[in-house]
Amino acid sequence: MNWRINRRSFLRGAAGALLPLPYLNLMEPTAQAARPAEPPLRFLTLLKPNGVHPPSWNIEGGAESDFRMSPLMRPFAHHKEDLLILDNMGDFGFSSHSNSTRRFLSGHHQHTQGPSIDQLIADRIGGETPHRSLELTTEGLFPNQVGCSYISYDRQGAPIPRESDPQLIFDRLFRNPMSHPRKRQEMRSLLDRVNEDASALSRRAGYEDRQVLDQYLSVVRETEQRLEHIQVSSGPRAGIQGHKRPGRPSNLDEQVDAMLDIIALALWTDSTRCITYMLGNSNSRMIFDFLGVKEQHHYLSHFFRNFSRSNIDGLLKISLWHMEKFAYLLDRLKGYQDHHGSLLDHSIVLFGSGMGHSDNHTATRIPTILAGKGKGSIRTGRYLRFSENQQLGRLHLTLLEHFGINQTSYAGSTRPLPGLDGSPYEAYTERPFASWIRLEGDTLTVQGRLRLSDDLSEAKVFYVDVEGKKPIRVEVAFKDFHRFNLAYHCGTPVILQGLCSIREGVPLLHKITKLTSLFGKKPGSQNG
């Protein structure tokens, strides 16, 4: 059968209803065509706000292809072979909340006069789709520090407005309510109005296409039902253009699941190829009461200065929820057939944050994961820990290259980040060093590897490991924690000097007077 349809085909219904289609075999060129159809490459980002609790996130030990994912990564561990986990991303120093959001897609917090990479990518790939790009979020502006609310910036470096209402975004993508504003409440299901066209297409389609079409229509129906449930459960609110806007979801979990469904649909139907989504503002004040957490996320993220076991448990509940949403998105993308692979195979998904340690706001070991094979340009199933801190601008420069955008520099970075495609890179290996303890009166000097306690009941406690001896326990006030940037130096050898006392026969360091990094930078450069 030589009958074919165009990639930009729609199902059509009454009142001007148009429903874009996912890729079908019917859209492939005939045998006489010059070249076979290729799937488009999509770009999607998901921002996790407020950094992480490092002992729960960081992978310690393990090799590029032989590593164990950390506790916080367990919700998406079943996608391990589709992930490229990057470590030692970032720089030295302190990162404010607004700087961290700017850094996420703009390479560096001082890159304020130019576009974020999603906008450069949208310029390159957005011209063939109905919507150049989508900029999405879960919450409104944070007025005290507006920069916390944006990750996408235009050519002049100005923030691009975000959208947060799943139903309005669904309508903009798959309905045309503006042409019938007075009939919005009378509009029946989108599928009901395109059913006749869908049935005709199904009769002419082959077996594989019928399977894809049935799956797609089921997903659209499921998404509509989810959105209708949100509207019914909360009631309408004031509208614009003479029609009522959909109501707020009953909780954040419903809102985010609906948004992730729509994101996957938008990419699958080629309605857009570039989407950014913030799971929350940096400095987010959201309360996750549906998880049983009563304190604000930002307050809990400062787990050192606001330490209690209940607070650290609440923080980890929120972080695990963020990871579950990432896993949910990957499930969706991986489950949708696209050309001769999955939607995830033909996408590059960037998941992460703009800071590392959530309390001390470190700009080092920033959580950074790439998902999807990028049409074969990304070699996944690996963990890359670089020998030295890598500016995010290097990663961004490489991602631009993957989308055919050749730039000599981005955000001050002039060299692309190696290793993403399996090319050689300089991996982290710990240099040998001696460890020792010297006690003179009440002054203790110790050389060894500094680490955070992995016991959640003592999340504000540090240890210095000394070969052949019990580790030195470090319990200091927030002033010392922040001044000497202890969080930055975790996992590395240091010389630590300060006042100590003896507890159960073991020295306890309770006041720091000097910190020297054996191989890294000196503390005190709060330049983030």
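Reading guide: rules and limits
- Residues numbered from 1 in each chain as written.
- Predicted model: local features only at pLDDT ≥ 70, side-chain atom pairs only at ≥ 80, totals over all residues.
- Heavy atoms only, no water.
- Helix = DSSP H or I, 4+ residues; strand = E, 2+ residues; numbered from the N terminus.
- Buried < 20%, exposed > 50% of the residue type's maximum accessible area, 1.4 Å probe, protein only.
- Contact = heavy atoms within 4.5 Å.
- Areas by Shrake-Rupley, 256 points an atom, 1.4 Å probe, with all protein chains shown as cover.
- 1 Å grid on protein atoms, 1.4 Å probe; cavity = no way out; pocket = protein on both sides within 12 Å on 5 of 7 lines; lining within 4 Å.
- Points joined across faces, edges and corners; volume = space filled by probe spheres on them.
- Nonpolar A, V, L, I, M, F, W, Y, C, P; charged D, E, K, R; others polar.
- Pairing = 2+ DSSP bridges.
- Salt bridge = Lys/Arg side-chain N within 4 Å of Asp/Glu carboxyl O.
- Axes fitted to C-alpha atoms, helices over the stretch in contact; angles between N-to-C directions.

Describing the overall build of the protein
Secondary structure assignment for the protein yields twelve helices and 19 strands. Counting every position in the protein, which comprises 528 residues, the buried fraction comes to 56%. Looking at the protein alone, contacts between residues at least 24 apart form 73% of all its contacts between residues at least 6 apart. Carbon together with sulfur atoms contributes 48% to the accessible area of the protein, which is approximately 22200 Å² in total.

Things to note about empty space enclosed by the protein
As enumerated under the stated definition, the model contains five cavities of 30 Å³ or more in all. As a volume, the largest cavity reaches approximately 70 Å³. Contributing to the lining of the largest cavity are Trp57, Asn58, Ile59, Met73, Ile85, Leu86, Asp87, Arg365, Ile366, Pro367, Thr368 and Tyr383. Among the elements that make up the lining of the largest cavity, the one with the highest residue count is strand β4 (residues 83–89) (three residues). Looking at the lining of the largest cavity, its residues break down into eight nonpolar, two polar and two charged. As for the second largest cavity, its lining consists of Phe104, Leu350, Phe351, Gly352, Ser353, Ile366, Pro367, Thr368, Leu392, Leu395 and His396. Put simply, the parts of the chain that give the lining of the second largest cavity at least two residues each are β11 (347–352) and α10 (392–402). Its residues placed into classes, the lining of the second largest cavity shows seven nonpolar, four polar and no charged.

Focus: the pairing of β11
Within β11, six of the six residues are buried, leaving the element largely enclosed by the surrounding structure. Residues Ser347, Val349 and Phe351 point to one face of β11 and Ile348, Leu350 and Gly352 to the other, with burial holding for every one of them. Summarising the sheet, strand β3 (residues 42–47) and β11 pair through six bridges and their orientation is parallel. Note that in β11 the partner of threonine 45 across the bridge is leucine 350. In this structure, β11 lies alongside strand β12 (residues 368–371), joined through four bridges in antiparallel fashion. Pairing of leucine 350 across the sheet is with leucine 370, part of β12.

Considerations on the environment of arginine 394
If you trace the backbone, arginine 394 turns up in helix α10. For the pair formed by arginine 394 and proline 416, sequence separation is 22 residues and the distance between their alpha carbons is 4.7 Å. Non-local contacts of arginine 394, meaning those with residues more than four positions away in its chain, are made with Ser413, Arg415, Pro416, Leu417 and Pro418.

Description of the pattern of salt bridges
All chains considered together, the criterion is met by 25 salt bridges. The residue arginine 273 makes a salt bridge to aspartate 270 at a minimum N-O spacing of 2.7 Å. Note on accessibility: arginine 273 and aspartate 270 belong to one class, buried. The salt bridge partner of arginine 309 is aspartate 313, with a shortest N-O separation of 3.0 Å. Taken together, the positions of arginine 309 and aspartate 313, both in helix α9 (residues 309–335) and four residues apart, correspond to about one turn of that helix.

A short note on the sheet that holds β12
In space, the seven strands of this open sheet follow the order β5-β8-β3-β11-β12-β4-β13, with mixed pairing throughout. With partners counted over all chains shown, the strands left at the sheet margins are β5 (134–137) and β13 (382–390), one partner each. Across this sheet, the average inter-strand angle for adjacent strands is 15°, counted without regard to direction. Across the face of the sheet, α10 comes into contact with β3, β4, β11, β12 and β13 while running at roughly 10° to β12.

Some remarks on the pairing of β3
Burial analysis of β3 places six of its six residues in the buried class, the great majority of the element. Burial of β3 is two-sided: the residues Arg42, Leu44 and Leu46 facing one way and the residues Phe43, Thr45 and Leu47 facing the other way are all buried. Pairing analysis gives five bridges linking β3 to strand β8 (residues 274–278), with the strands arranged parallel. Residue leucine 44 lies in a different strand from β8, and its bridge partner there is isoleucine 275.

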